[in-house]
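# Structural description and commentary
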Amino acid sequence: MLQAYSGGSDAGRITSFVIARSLGFARDDKYKLEAMLLALAFVTCASAQTVTVGSKKFTESYVLGEMARKVIADTGLKVEHKQGIGATGIVWEALRHGDITMYPEYTGTLSTEILKLQGKATMADLRRECAKLGIGVSDPLGFNNTYALVMSDKKAAALGIETMSDLAKHPDLNAGPDPEFLGRKDGWEPMREKYGLRFADTRAIDHGLVYQSVARGDIDVTDCYSTDAQIATFNLRVLKDDKEFFPAYKAVFVYQLDAPAKALEAIRKLEGRIDEKTMTGLNADAERAKDYTAAANKFFIEHPEPAAADKGKLLESETVASKILRLSGQHLFLVIVSLLIAIVVGIPLGILAARPGVGGAVILGIAGVIQTIPSLALLAFLVPLMGISVNTAILALFLYSLLPIIRNTATGLQSVPTPIRESAEALGLEPAARLRKVYMPMASRTILAGIKTAAVINVGTATLAALIGAGGLGELIISGISLVDTPTILQGAIPAAILALLVQGLFELLDRWAVPKGLTIGNA
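Residues numbered from 1 in each chain as written. Predicted model: local features only at pLDDT ≥ 70, side-chain atom pairs only at ≥ 80, totals over all residues. Heavy atoms only, no water.

## A closer look at the side chain of Thr409
Let me state the cut-off plainly: Under the DSSP-based scheme used, a helix requires at least four consecutive residues in state H or I and a strand at least two consecutive residues in state E, with every element numbered from the N terminus. We call a residue buried when its accessible area falls under 20% of the maximum for its residue type, exposed when it is over 50%, and partly exposed in between, using a 1.4 Å probe and counting protein chains only. Only heavy atoms enter the contact rule, under which two residues are in contact if any of them lie within 4.5 Å.
For Thr409, the position within the fold is in helix H19 (residues 390-414). By relative accessible area, which is 0% here, Thr409 ends up buried. Dropping the residues within four chain positions of it, Thr409 is found in contact with Ile347, Gly350, Ile351 and Ile447.

Here it is in structure tokens:
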């Protein structure tokens, strides 16, 4: 572009002359013009906005996210889909922080769980409260995916259970609600109080596993989404909400109010077009084919927009090999960057921790406390502070890498024999020289072992980065759980295990190269 403007063609020379004169440049003031055009090009490129669609970690949200990606891509905007970001709290914070532009949500969740409104909220209520936060709400997409309780049809028939009230007669049943539903204000406990329900045992089970758990008889009752295709797949019975506890959960898109107008216009093309039967069918297609993109494409093939002359291109499904390769690259990036930062920070802290006194104990104590924080809790804590991003995942992995590096560095330095310390002092070496030339080489094997431990831990922990949209092989594992598909889970788990073995092997080679020969002679 710059070459054309600066005289690469007749049209370019004419354009260059007109712009130069209009801005008051002299005829030959070429370099000023090129600088101006370069700045203009930079601003133009920087202003090109990528629309980021998010989704929660269950099939329907994945499919709706792909449908949104398709209609927005048809407008010519650049769009990406961050799949399976996590539970409601995480994806909502991602929207508020601007890490995503929009995601599919439900009116019942908006009113009770997010906005915490009292009573039955109208669409006007939802839009008014969301607008205060810089968030917009689309019109309903056309279907109501409400909560309900579900049982094995065979067991429900044997016990004569048709409604949720009937459960009160059977306090010996076991329940396994989804962890998010267990803590919601429109969820397990308020529902249990409303119906006067008691269960022999209640344990939280991830939504991707609840239906097969009921079908196998591991649990008797769980919550469900009414448009889940697996209800029919596992021959389950949806119990009637006879006291009308659950509000309507009409599907909508929530979006940033400053999102590109063309993106919002595209999303409106989905409003009112998807009924319960259609959505249930799309969910079934996605789980049968293990492909959310194909399910989204099917909707546009079978339900074309009547007024649209150009239906746009269908989405292309990514091959398994290319997906594994792409996610493996993201996984390695997270591990390498976080590990390098941990080495730069951890080794100096380990040197300080090796010194006698309270300071060393404090450093090791803080690193130990960080290591004990559950990874999901740490991510949930960091998301409101930093949003969902690669940086958030790198920070979490960095924190988990510190303890083995600090502890092994301190242990290695403290293990240097006293005669060697005395010899170094007798040679007249300064403290810094003793550390650099004697103590650190003597402790190198132990330090390297700590770095290796941190690296292997990072490879495994990095799978959780997918829960905050940071990519990595965990994306396949989470998707496989949502689809109840072991092969998809293995597509993420096996490469992660291979990466861990490769890291282990790499450090074995590094051990031979980095550790002084004198320290390995005895082992040889």
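## As for the packing of aromatic side chains
Our working definition: Two aromatic rings, drawn from Phe, Tyr or Trp (for Trp, its six-membered ring), form a pair once their centres lie within 6.5 Å of each other, and the interplanar angle then sorts them: stacked below 30 degrees, edge-to-face above 60, tilted otherwise. Consider the ring centre and the ring normal. A charge sits over the ring if Lys NZ or Arg CZ is within 6 Å of that centre and within 35 degrees of that normal.
Counted by the stated rule, this structure contains 12 aromatic pairs. Ring geometry for Tyr147 and Phe246: centres 6.0 Å apart, planes at 40°, overall tilted. Linking Tyr147 in strand E5 (residues 147-152) with Phe246 in the loop between strand E9 (236-239) and strand E10 (251-256), this pair joins segments that are 99 residues apart in sequence. For Phe246, a relative accessible area of 9% corresponds to the buried category. Consider the rings of Trp188 and Phe199, whose centres lie 5.3 Å apart with planes at 35°: the pair is tilted. Here Trp188, found in helix H10 (residues 188-195), pairs with Phe199, found in the loop between H10 and strand E7 (201-202); they are 11 residues apart in sequence, far enough to count as distant. For the residue pair Trp188 and Phe199, the accessibility class agrees, reading buried in each case. Taken together, the ring pairs connect Phe58, Tyr106, Tyr147, Phe181, Trp188, Phe199, Tyr225, Phe245, Phe246 and Tyr249 into an aromatic cluster. In this arrangement the basic side chain of Lys70 is found over the ring face of Phe300, its NZ or CZ atom lying 4.8 Å from the centre. When the ring centre of Tyr439 is taken as reference, the NZ or CZ atom of Arg421 above it lies at 4.8 Å.

## Some remarks on empty space enclosed by the protein
The rolling of a water-molecule-sized probe over the atoms marks out the regions of remaining empty space. Short version of the rule: Definitions used throughout: a 1 Å grid over protein atoms alone; a cavity as a set of points that fits a 1.4 Å probe which cannot get out; a pocket as an open set with protein on both sides within 12 Å along at least five of seven lines; a lining residue as one with an atom within 4 Å of a point. Grid points are joined across faces, edges and corners, and a volume is the space filled by probe spheres set on the points. Polar here means any residue other than Ala, Val, Leu, Ile, Met, Phe, Trp, Tyr, Cys and Pro, which are nonpolar, and Asp, Glu, Lys and Arg, which are charged; Gly is therefore polar.
Scanning all chains against the criterion turns up 1 cavity of 30 Å³ or more. Taken as a whole, the largest cavity encloses approximately 70 Å³ of empty space. For the largest cavity, the full set of lining residues is Ser375, Leu379, Ala393, Ala396, Leu397, Tyr400, Thr461, Ala462, Leu464 and Ala465. With 4 residues, H19 is the single largest residue contributor to the lining of the largest cavity. Taken together, the residues that form the lining of the largest cavity break down as 8 nonpolar, 2 polar and no charged.

## Some details on unusual backbone geometry
Despite not being glycine, Glu244 shows a phi value in the positive range, around 50°. Although it is not a glycine, Lys290 sits at a positive phi angle of roughly 55°. Secondary-structure assignment places Lys290 in the loop between helix H14 (276-289) and helix H15 (292-302). On the basis of relative accessibility, which here comes to 34%, the residue Lys290 falls in the partly exposed class.

## As for the side chain of Lys56
Checked against the element boundaries, Lys56 lands in the loop between strand E1 (50-54) and helix H4 (59-73). The class of Lys56 is buried, set by a relative accessible area of 5%. Setting aside residues up to four positions removed in sequence, Lys56 forms contacts with Ser61, Tyr62, Gly84, Ile85, Gly86, Thr88, Val91, Tyr103, Pro104, Glu105 and Thr109.

## Some remarks on the packing of helix H17 (residues 358-372) against H19
This is how it is decided: Every angle, taken between N-to-C directions, lies between 0 and 180 degrees, and every axis is a line fitted to C-alpha atoms, over only the stretch in contact when it is a helix. With respect to orientation, any angle under 35 degrees is reported as roughly parallel, any angle over 145 as roughly antiparallel, any angle of 65 to 115 as roughly perpendicular, and every other angle as oblique. Each crossing is labelled by how the near helix is turned from the far one, with a counterclockwise turn of less than a right angle marking it left-handed and a clockwise turn marking it right-handed.
Direction vectors running N to C along H17 and H19 enclose 140°, while the axes themselves pass 8 Å from each other. Taken together, the axes of H17 and H19 are oblique relative to one another. Between H17 and H19 lies a crossing of left-handed hand. On the side of H17, the interface is formed by Ile363, Leu364, Ala367, Gly368, Ile370 and Gln371, while H19 contributes Leu399, Tyr400, Leu403, Pro404, Ile406 and Arg407.

## Describing the environment of Ser482
Within the secondary structure, Ser482 sits in helix H22 (residues 474-483). For the pair formed by Ser482 and Tyr62, sequence separation is 420 residues and the distance between their alpha carbons is 9.5 Å. Once residues lying within four places of it in the same chain are set aside, the contact partners of Ser482 are Lys57, Phe58, Thr59, Tyr62, Gly208, Gln230, Glu287 and Tyr292.

## Observations concerning the confidence of the model for the protein
Rule in force here: Predictor confidence is given residue by residue as pLDDT, running from a minimum of 0 to a maximum of 100.
Per-residue pLDDT for the protein averages 84, and the proportion of residues at 70 or more is 87%. For the stretch residues 1-28, pLDDT sits under 50, and the model shows 28 contacts to residues farther than four places along the chain or on other chains.

## What to know about helix H7 (residues 123-131)
The criterion, for reference: The directions considered for the arc run from the helix axis to the C-beta atoms.
By the burial criterion, the buried members of H7 are Leu126, Glu129 and Cys130. Within H7, the buried residues cover an arc of 100° as seen down the axis, which keeps them to one side.

## Considering helix H11 (residues 207-216)
Across the 10 residues that make up H11, a large majority, 7, are buried. Among the residues of H11, His207, Gly208, Val210, Tyr211, Gln212, Ser213 and Val214 are the ones counted as buried. Where H11 terminates, the next one or two residues include Gly217, which has phi positive at roughly 90°.

## A closer look at the pattern of salt bridges
Put simply, the rule is: Each salt bridge in this description consists of a side-chain nitrogen of Lys or Arg and a carboxyl oxygen of Asp or Glu lying within 4 Å of one another.
Scanning the model with the defined rule gives 20 salt bridges in all. Note that Arg128 and Glu129 form a salt bridge whose closest N and O atoms lie 3.5 Å from each other. Among the salt bridges present, the one from Asp166 reaches Lys169, with a minimum N-O distance of 3.8 Å. For Asp166, a relative accessible area of 14% puts it in the buried group.

## Quick notes on the nonpolar core
Formally: Residues enter a nonpolar core if they are buried and are Ala, Val, Leu, Ile, Met, Phe, Trp, Tyr or Cys, with the set joined through side-chain atoms within 4.5 Å.
One finds Trp92, Ile100, Tyr103, Leu110, Ile388 and Ile468 to be the most contacted residues of the largest nonpolar core, which totals 69 residues. Considering each element in turn, this core owes the most residues, 13 residues, to H19. With 59 residues, the next largest nonpolar core counts Val51, Met191, Ala263 and Leu282 among its residues.

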